[in-house]
Amino acid sequence: FREELEAILDGMPSERRTHLVAATFAPEVRRLADRYQKDPVFVQGTKLGAANEDIEHVAYIARFHERYDALVNLLLMAQAESEPDTEAARTLIFVRTRADTAEVAEQLLRDGFQAQPLSGDLPQAQRTRTLEGFRSGRVPLLVATDVAARGLDVPEVATVVHLDPPTDSEVYTHRSGRTGRAGRKGRSVILVPPQTQRRVQRLLSDAKVTVSWRDVPTADKVRRAFLKQTRRSLHSALTAEVAPEQAHLDYAARLLEEHDPVRLVATLLARTELEPPCEPRELSPGRPDPLSMAQGSAPPSEPRSGPEGGFVRFFINYGGRQGAAPNRILALVCRRGGIDGNAVGSIDIRDNGTTFDVRSDVAVQFEAAAQRPDPREPKLRIE
C-alpha cells in the first residue's frame, strides 16, 4: 500500500492540494505525509491518541474452553435487556482465523442466533451479500477476522466482541472503533482467558482506555432477565391505552368464574413467558475474581487445547514488524523454554506479536523457563 501511495504522489504535479485521510496516524504514516505535504492542517474527529469517549469498554474473565458459552450468555442478556419487538442490535464478533469465523457462525446459527461469517475465504459476491445483510439489520451478528473487517463502516454497530483477544493495542483500537461511530454510543467487550489476563491488561493500558471488569452472566441470571422482560411486556400491555377486544374480555370473565384467579393468572404467565433462542450456558464455578486481577494479582495459568488438541497456546511480543519468521520463532521458543522443536505446534505471526502452541505435557515447565529474564532479549515476553 505504501509503495502504491508513494508512486501516486510522485506522479502528481508539484502545485496541488493533497488530502490524506486515515483512521489512525502511525509514525510511518506521519513521516510519509511530511515527505509530500507542506505545513498541513490537521483535522481530527478525536484527538490523536485519545480514546473514543462514546465507547464503553468491558472485560470478562472466561476460561478458554468456555469462551463460546460466555458469548452465548452475553448475547442472551443483551436480548433480555432490550425492548420487546425491537430490531436486534448489530454485533461484530472478532476471531483469530478464517476457519474460526465459519465455526463460530455455524455454532451461533445452531443455537438460534442470526449470524454470518466474514472472511477472505468467501467469494466477493457472498461477502457483499453478507455486508449488505449486516448493514440492513437482517444479519444482526457478524463473525469476522481483523483483515475482513478492516475499513468496515456500519454506524449502527452497537457492540464489538473480542472473542479472541487482539495481538496489540493498535488492533484493539481498530476493532473497537467499529462501534461508537457518528456520535452513537457503543460497547467493546473482550473475553479474557485467565492465562492471558496480564498481557491484555497491558494492551488495554497501551490503548489508553478505562475498562470495567465484570462477571459473565450465569445461566440463572439470564433466565431471570428473560422473566423480567416478560413482566415488563405484560405491564406495558396492561397500561396501554388500546382496550382489549370485547370477545377477549367476555372470555376472561368466564375463565375467572370457572377457575381460581391466582392459578389462572399463573398458568397464563407460564404460557406467555418469553423464551430465549437457546438455553443459557452453565459456566464453571471458581472463576478468578476480575476485580482483584484488575488490581494486579497474577491469574493462574490454565492449559488449554490448541487447534490440534493437547496443546497450550502462548504469546510472544515479537511479530512481523520486528522481523519474526517461523524459523526464528521456533529457535527462540526452543531456546527460551528448553524444549525440542517437535513440542511446538502451530505458529501464527501477526504484525506485533505471535501466538504459538506448545505440547500440553511440557507446557508448565516451558512456561516457567520461558518467563525467566533473558539478558540477550530483555524486552521479549512469553506468556
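A brief look at the structure comes next.

About the cut-offs
For every chain, the first residue of the written sequence is number 1, and numbering continues from 1 along that sequence. It should be noted that, the model being predicted, local features are given only for residues of pLDDT at least 70 and side-chain atom pairs only at 80 or more, the latter also being counted only at that level, while totals for whole chains, interfaces and linings use all residues. Side-chain metrics rest on all non-hydrogen atoms present in the structure, leaving aside hydrogens and water. Working convention: axes come from line fits to C-alpha atoms, limited for helices to the stretch in contact. Angles between N-to-C directions cover 0 to 180 degrees. Secondary structure elements follow DSSP: runs of H or I of four or more residues count as helices, runs of E of two or more count as strands, with numbering from the N terminus. Roughly parallel refers to an angle under 35 degrees, roughly antiparallel to one over 145, roughly perpendicular to one between 65 and 115, and oblique to any angle outside these ranges. Note on convention: the crossing is left-handed when the near helix lies turned anticlockwise from the far helix by less than a right angle, right-handed when the turn is clockwise. Contacts are assigned to residue pairs that have any heavy atoms within 4.5 Å of one another. Think of it as three bins: nonpolar holds Ala, Val, Leu, Ile, Met, Phe, Trp, Tyr, Cys and Pro, charged holds Asp, Glu, Lys and Arg, and polar takes everything else, Gly as well. Strand pairing is assigned whenever DSSP identifies at least 2 bridges connecting the two strands. Three labels apply to residues, based on accessible area from a 1.4 Å probe with only protein chains included: buried if under 20% of the type maximum, exposed if over 50%, partly exposed otherwise in between. Taking the helix axis as origin, the arc is that swept by the directions to the C-beta atoms. The patches reported here contain residues having more than 30% relative accessible area and no salt bridge. Joining distances are 9 Å for like charges and 5 Å for nonpolar side chains (Val, Leu, Ile, Met, Phe, Trp, Tyr). Computed by Shrake-Rupley with a 1.4 Å probe, the accessible areas treat only the displayed protein chains as cover when residues are assessed. Take a side-chain nitrogen of Lys or Arg and a carboxyl oxygen of Asp or Glu: if they are within 4 Å of each other, that pair is a salt bridge. Only four residue types enter the tally: Lys and Arg on the positive side, Asp and Glu on the negative side; His and the chain ends are excluded. A single reference atom marks each charge: NZ on Lys, CZ on Arg, CG on Asp, CD on Glu.

Digging into the packing of helix α3 (residues 67-81) against helix α4 (residues 98-110)
Part 1 of the reasoning: Two elements in contact, α3 and α4, have axes whose closest approach is 12 Å; the angle formed by their N-to-C orientations is 50 degrees. Relative to α4, α3 is oriented oblique. Crossing geometry of α3 relative to α4 is assigned as right-handed. Across the interface between the two elements, Tyr 68, Leu 71 and Leu 75 of α3 pack against Val 104, Gln 107 and Leu 108 of α4.
Part 2 of the reasoning: Tallied by class, the residues present in the contact of α3 with α4 amount to 5 nonpolar, 1 polar and no charged.

Concerning the sheet that holds strand β8 (residues 311-316)
In any sheet, the strands associate via hydrogen bonds between backbone groups, in a parallel or an antiparallel arrangement.
Part 1 of the reasoning: Pairing within the open sheet is antiparallel, and its 3 strands lie in the order β8-β10-β9. With one partner strand each, in any of the chains shown, β8 and β9 (344-349) form the two edges of the open sheet. Strand-to-strand twist in this sheet, taken as the mean axis angle between neighbours without regard to direction, amounts to 20 degrees.
Part 2 of the reasoning: Relative to strand β10 (residues 354-359), β8 runs antiparallel, the two sharing 6 bridges. Pairing of Arg 313 across the sheet is with Asp 357, part of β10.
Part 3 of the reasoning: Its contacts with the sheet put helix α12 (residues 326-337) on β8, β9 and β10, and the angle it makes with β9 is roughly 130 degrees.

A word on helix α7 (residues 197-206)
Part 1 of the reasoning: All of the buried residues along α7 are Gln 197, Arg 199, Val 200, Leu 203 and Leu 204. Buried residues in α7, looked at end-on, bunch into an arc of 155 degrees, giving them a common side. Facing away from the buried side of α7 by over 90 degrees, the exposed positions are Ser 205 and Asp 206.
Part 2 of the reasoning: Just downstream of α7, Lys 208 is the residue with a positive phi angle, here 60 degrees.

Digging into the packing of α12 against helix α13 (residues 360-370)
Part 1 of the reasoning: Where α12 contacts α13, the two axes come as close as 7 Å, and the packing angle between them is 90 degrees. In terms of their interaxial angle, α12 and α13 are classed as roughly perpendicular. Contacts between α12 and α13 pair Val 333, Arg 336 and Gly 337 from the former with Phe 366, Ala 369 and Ala 370 from the latter.
Part 2 of the reasoning: A class-by-class count of the residues in the contact of α12 with α13 yields 4 nonpolar, 1 polar and 1 charged.

A closer look at a nonpolar patch on the surface
Part 1 of the reasoning: Taken together, Leu 234, Leu 238, Val 265 and Leu 269 make up a surface patch of nonpolar side chains, about 350 Å² in accessible area.
Part 2 of the reasoning: Contributing elements (two or more residues each) for the nonpolar patch: α8 (219-238) and α10 (261-272).
Part 3 of the reasoning: Locating Val 265 in the fold gives a position in helix α10.
Part 4 of the reasoning: By relative accessible area, which is 46% here, Val 265 ends up partly exposed.

Describing the sheet that holds strand β7 (residues 211-214)
Part 1 of the reasoning: The strand order across the open sheet formed by 7 strands is β3-β4-β2-β5-β6-β1-β7, and the pairing between neighbours is parallel. Each edge of the sheet is formed by a strand with only one pairing partner; in this case those strands are β3 (115-118) and β7. Taking the axes of each pair of neighbouring strands and ignoring which way they run, one obtains an average angle of 20 degrees across the sheet.
Part 2 of the reasoning: Both strand β2 (residues 90-94) and strand β4 (residues 141-144) contribute to a ladder of 4 bridges, which runs parallel. Bridged to Phe 94 within β4 is Ala 144.
Part 3 of the reasoning: Helix-sheet contacts for helix α5 (residues 124-136) involve β2, β3, β4 and β5 (157-162), and the interaxial angle to β2 is about 135 degrees.

Quick look at the pattern of salt bridges
Part 1 of the reasoning: Applying the stated criterion to the full structure yields 23 salt bridges.
Part 2 of the reasoning: With its nearest N and O atoms 3.4 Å apart, the salt bridge here joins Arg 376 to Asp 374.
Part 3 of the reasoning: Arg 376 gets classed as exposed once you look at its relative accessible area, which sits at 61%.
Part 4 of the reasoning: Accessibility expressed as a relative area gives 10% for Asp 374, which makes it buried.
Part 5 of the reasoning: One network of salt bridges, in which partners are shared, links Arg 96, Asp 146, Arg 175, Asp 348 and Arg 350.

Section: a positive patch on the surface
Part 1 of the reasoning: On the surface, Lys 221, Arg 224, Lys 228 and Arg 232 cluster together into a positively charged patch.
Part 2 of the reasoning: Topologically, Arg 232 is positioned in helix α8.

Comments concerning the side chain of Thr 145
Part 1 of the reasoning: Its location among the elements puts Thr 145 in the loop between β4 and β5.
Part 2 of the reasoning: Setting aside its immediate chain neighbours within four residues, Thr 145 contacts Phe 94, Val 95, Arg 96, Thr 97, Arg 98, Thr 101 and Leu 118.

Here we look at unusual backbone geometry
Part 1 of the reasoning: The backbone phi angle of Asp 39 is positive, close to 45 degrees, even though this residue is not glycine.
Part 2 of the reasoning: Summarising the element assignment, Asp 39 is placed in the loop between α2 (27-36) and β1 (55-61).
Part 3 of the reasoning: What makes Asp 39 exposed here is its relative accessible area of 75%.
Part 4 of the reasoning: Even without being glycine, Lys 208 reaches a positive phi, approximately 60 degrees.
Part 5 of the reasoning: Positionally, Lys 208 belongs in the loop between α7 and β7.
Part 6 of the reasoning: Note on Lys 208: relative accessible area 56%, which makes it exposed.

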